[in-house]
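# Report on the structure
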Amino acid sequence: MRPSTLRALNRAAELTRQNRLTEAMLIAEPVILTADPVEGEEIRRWLLDHVADFTGENHPDSKELP
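Residues numbered from 1 in each chain as written. Predicted model: local features only at pLDDT ≥ 70, side-chain atom pairs only at ≥ 80, totals over all residues. Heavy atoms only, no water.

Another aspect to go through is the environment of Asn 10. With respect to the element layout, Asn 10 can be found in helix H1 (residues 3–17). Given a relative accessible area of 37%, Asn 10 falls into the partly exposed group. Separated by 37 residues in sequence, Asn 10 and Leu 47 place their C-alpha atoms 10.0 Å apart. (Helix = DSSP H or I, 4+ residues; strand = E, 2+ residues; numbered from the N terminus. Buried < 20%, exposed > 50% of the residue type's maximum accessible area, 1.4 Å probe, protein only.)

Here's what the structure looks like:
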């Protein structure tokens, strides 16, 4: 995966954790849509492996629900 793609995905995860989903989508969508099939598969695997990055689960900034 290109470094610029990885940066975009990491930034989108950060924004999602901050409840800024619209901004996250504006950053992630173009790199996902323009990826070739090989990079698209790498993105898919990365997203599956980093679900907690987006949800904030097990993240130092996440808060336990009561």
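Further remarks concern the side chain of Thr 16. In this structure, Thr 16 sits in helix H1. Within the structure, Thr 16 has its side chain in polar contact with the backbone oxygen of Ala 12 (distance 2.8 Å). Here Thr 16 is in contact with Leu 21, Ala 24 and Phe 54, once residues within four sequence places are set aside. (Polar contact = N/O pair within 3.5 Å; in protein donor to acceptor, adjacent residues only side chain to side chain. Contact = heavy atoms within 4.5 Å.)

Okay, helix H3 (residues 37–49) next. Its 13 residues place the ends of H3 18 Å apart at the C-alpha level, agreeing with the 18 Å of an ideal helix rising 1.5 Å per residue. Packed against the buried residues of H3 are H1, helix H2 (21–34) and helix H4 (51–55). With a side-chain oxygen positioned 3.1 Å from the backbone nitrogen of Val 38, the residue opening H3 is Asp 36. (Expected span 1.5 Å × (residues − 1).)

So, about unusual backbone geometry. Phi at Asn 19 is positive, roughly 60 degrees, even though this residue is not glycine. Structurally, Asn 19 is set in the loop between H1 and H2.

Our focus in this paragraph is the pattern of salt bridges. One pass over the structure, following the stated rule, counts five salt bridges. Of the charged contacts in the structure, one is a salt bridge between Glu 14 and Arg 11, with a shortest N-O distance of 2.8 Å. Taken as a pair, Glu 14 and Arg 11 lie in helix H1 at a separation of three residues, close to a single helical turn. Linking Glu 41 and Arg 45 is a salt bridge whose minimum nitrogen-to-oxygen distance equals 3.7 Å. With Glu 41 and Arg 45 both in helix H3 and four residues apart, the pair spans about one turn of that helix. On the basis of relative accessible area, Glu 41 is assigned to the partly exposed category, the value being 31%. One network of salt bridges, with partners in common, ties together Glu 41, Arg 44 and Arg 45. (Salt bridge = Lys/Arg side-chain N within 4 Å of Asp/Glu carboxyl O.)

Remember that the coordinates give geometry; whether it matters functionally is a separate question.
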